[in-house]
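Residue-level structure breakdown
Residues per chain, in single letters:
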Amino acid sequence: MGSLSTILRHPDEIYPLLKLKLAITKAQKQIPLDPHLTFCYSTLNKVSKTFSLIIQQLGTELRDAVCLFYLILRALDTVEDDTSIPTEIKVPILIAFHRHIYDRDWHFVCGEEKYKVLMEQFHHVSAAFLELEKGYQEIIEDITKRMGAGMAKFISKEVETVDDYDEYCHYAAGLVGLGMSKLLLSSELETVTPNWEQLSNSTGLFLQKTNIIKDYLEDVNEIPKPRMFWPREIWGKYVDKLEDLKDEDKSTKAVQCLNDMITNALIHVEDCLKSMAALRDPAILHSCSIPLIVAIGTLALCYNNIQVFRGSLKLRRGLIAKVFDRTKTMDDVCGAFYDFSCMLETKVDKKDPNAMKTLNRLETIKKVCREYGGDIHQRKSYVNDEIQSNALFKLQTVVVVPLLATVVLAYLKHKK
């Protein structure tokens, strides 16, 4: 659940954490008995407990389709991520991956830990995929084919411009958003809305850009060779080489570059909110909005934070649990986006080269939140929760800690 100090600092997260833990345990007990689906859901739970829990709330038919869609693309991504695979072997696999999903005997050894198990036992995924309705199969095959071809293209192509960056993110995640929308439409739980393809793609770009930003250090330190996704058009304004951003003597430039990248990602937030507002089914809204709220929260955490270049940064599990517990309606979604935008806004340094651009984008986001979310202020606020939690922690430090010390000393004295 987290360290004692973290729990003391954020006592309001204890109950949501317990609820999330119980929900995860319950979801694990509901894994289908079919051996192929058992492997798929067990693997999904290892790859992402939160996402696994989210899709458990969907109807059985759609839930299986989304689970397999995720695992197939996760397997494809594992091939792309493995920098030890020679290009002459990797590219043909990426291009042909959409055909491998129909082969019950196909597998490929690559990746590490849970991803290696997924690849070695991919026949379970293929077998379960072949049991899906034809419509779902065709959607998943089409997205896998397009994604594999796009990933193959960028194996030998550098991300130079912002347009390259957007194109890569389209292949890596924009297509995921598009595929998810098609699955929802195919299930007839959702209906076609204006600009749904553009909104779905933009939503995927927002998630992918957030991951690329927070994973800078992991990607640049990749062995045997680094993975570079930050566009030169942005980082080239601050340093000569992308790797220079992790140098301590480049800290000021690194943070400015980071803020520039985050400001670029904020372009997509308005589309994310429009996309969520178009959803009709409450369970689908909950499933689709949680990753987006976590993403905006992650950007708020990363903004102006040199730790992006020093180590791993991610939202507290307790905060994610709180988001999971509170997000039920579109008003809740807008409230969360509004709060995290406010958090980010307080961190903007007026001397930052992109300060005005960042502030303008945040103002636009808050305006859209007010339009879609009703009375934003008539609800619990993450920002206020943080302030209250810090105040409570100080009170605990002043009152509780001395009290505990007194009890311990009295106990030791009695033992003597």
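Residues numbered from 1 in each chain as written. Predicted model: local features only at pLDDT ≥ 70, side-chain atom pairs only at ≥ 80, totals over all residues. Heavy atoms only, no water.

Tallying secondary structure elements over the chain gives 20 helices and zero strands in all. Taken over 416 residues, the chain has a buried fraction of 51%. The contacts of the chain with a sequence gap of at least 6 include a subset with a gap of at least 24, amounting to 72%. Accessible surface for the chain amounts to roughly 19800 Å². Of this, 55% is attributable to carbon and sulfur atoms. (Helix = DSSP H or I, 4+ residues; strand = E, 2+ residues; numbered from the N terminus. Buried < 20%, exposed > 50% of the residue type's maximum accessible area, 1.4 Å probe, protein only. Contact = heavy atoms within 4.5 Å. Areas by Shrake-Rupley, 256 points an atom, 1.4 Å probe, with all protein chains shown as cover.)

Now for the packing of helix α11 (residues 196–214) against helix α15 (residues 269–277). Closest axis-to-axis distance for the α11/α15 pair is 8 Å, and the angle between their directions is 125 degrees. Regarding the angle of α11 to α15, the classification is oblique. Crossing handedness for the pair α11 and α15: left-handed. Packed against α11, whose contacting residues are Q198, L199, S202, T203 and F206, the element α15 presents V269, D271, C272, K274 and S275 at the interface. Looking at the contact of α11 with α15, its residues break down into four nonpolar, four polar and two charged. (Axes fitted to C-alpha atoms, helices over the stretch in contact; angles between N-to-C directions. Parallel < 35°, antiparallel > 145°, perpendicular 65-115°, else oblique. Left-handed = near helix turned anticlockwise from the far one by under 90°. Nonpolar A, V, L, I, M, F, W, Y, C, P; charged D, E, K, R; others polar.)

Bringing a positive patch on the surface into the picture now. On the surface, K21, K49, K314 and R317 cluster together into a patch of positive charge. Take K49: its relative accessible area is 39%, and that puts it in the partly exposed class. (Patch = residues over 30% accessible without salt bridge, like charges linked within 9 Å, V, L, I, M, F, W, Y side chains within 5 Å. Salt bridge = Lys/Arg side-chain N within 4 Å of Asp/Glu carboxyl O. Lys, Arg positive; Asp, Glu negative; His and termini not counted. Charge placed at Lys NZ, Arg CZ, Asp CG, Glu CD.)

We now examine the pattern of salt bridges. Taken as a whole and judged by the stated rule, the model has 20 salt bridges. One salt bridge in this structure joins E13 and R316, with 2.3 Å as the shortest N-O distance. With E13 in the loop between α1 (4–9) and α2 (14–29) and R316 in the loop between α16 (282–302) and α17 (317–326), the pair connects residues that are 303 residues apart, well separated along the chain. Judged by relative accessible area, which is 3%, E13 ranks as buried. Assessed through its relative accessible area of 23%, R316 is described here as partly exposed. Here R146 makes a salt bridge to D142, at a shortest N to O gap of 3.3 Å.

Turning our eyes to something else, we now look at helix α5 (residues 60–81). Between its first and last C-alpha atoms α5 spans 31 Å; for 22 residues at 1.5 Å apiece the expected length is 32 Å, and the two agree. Burial runs high along α5: 18 of the 22 residues are buried. (Expected span 1.5 Å × (residues − 1).)

Take the nonpolar core next. Grouped together as the largest cluster of nonpolar side chains are 128 residues, with contacts concentrated most on F97, W230 and L245. Apart from residues lying up to four places away in sequence, L245 is in contact with Y216, W230, W235, V239, K253, A254, C257, F309 and R310. (Core = buried A, V, L, I, M, F, W, Y, C linked by side-chain atoms within 4.5 Å.)

Moving on to the side chain of T43. Tracing the chain through its elements places T43 in helix α3 (residues 35–47). The exposure class assigned to T43 is buried, which follows from its relative accessible area of 5%. Of the polar contacts made by the side chain of T43, one reaches the backbone oxygen of F39; its length is 2.7 Å. Leaving out residues up to four positions away in the same chain, T43 has contacts with L71 and L118. (Polar contact = N/O pair within 3.5 Å; in protein donor to acceptor, adjacent residues only side chain to side chain.)

In this model, the chain carries a mean pLDDT of 89, and residues with pLDDT of at least 70 account for 88%. Counted against residues more than four places away or in other chains, residues 387–401, with its pLDDT under 50, gives 13 contacts. (pLDDT = per-residue confidence, 0-100.)

What follows concerns the packing of α15 against helix α18 (residues 330–346). Between α15 and α18, the least distance of the axes is 10 Å, while the angle of their chain directions is 165 degrees. Between α15 and α18, the angle is such that the two are roughly antiparallel. The way α15 lies across α18 gives a crossing that is right-handed. Judged by residue contacts, V269, L273, M276 and A277 of α15 engage M330, V333, C334 and F337 from α18. Split by residue class, the contact of α15 with α18 holds eight nonpolar, no polar and no charged.

Within the structure shown, the criterion is met by zero disulfides. No disulfide involves C369; its sulfur sits 5.1 Å from that of C334, the nearest cysteine. (Disulfide = S-S within 2.5 Å.)

Once that is clear, we can look at the packing of aromatic side chains. For the structure shown, the criterion picks out 11 aromatic pairs. Taken together, the ring pairs in this structure connect F154, Y168, Y171 and F229 into an aromatic cluster. (Phe/Tyr/Trp six-rings, centres within 6.5 Å; stacked < 30°, edge-to-face > 60°.)

This part takes up unusual backbone geometry. One non-glycine residue, E113, lies in the positive phi region at around 50 degrees. Mapped onto the elements of the fold, E113 is located in helix α7 (residues 113–120). The backbone phi angle of E188 is positive, close to 65 degrees, even though this residue is not glycine. Looking at where E188 falls in the secondary structure, it is placed in the loop between α10 (162–186) and α11.

By secondary structure assignment, the location of S287 is in helix α16. Remark: the alpha-carbon pair of S287 and K328, spanning 41 residues in sequence, is separated by 9.9 Å. Once residues within four sequence positions are removed from consideration, S287 is found in contact with I54 and L58. In terms of polar contacts, S287 uses its side chain to reach the backbone carbonyl oxygen of I54, at 3.2 Å.

Right, let's talk about the side chain of S181 for a bit. Within the secondary structure, S181 sits in helix α10. Since its relative accessible area comes to 17%, S181 is described here as buried.

What follows is about the environment of L73. For L73, the location among the structural elements is in helix α5. Classification of L73 as buried rests on a relative accessible area of 7%. Residues L73 and A173, spaced 100 residues apart in sequence, show a C-alpha to C-alpha distance of 9.6 Å. Those residues in contact with L73, other than ones at most four positions away along the chain, are I143, T144, M147 and V176.

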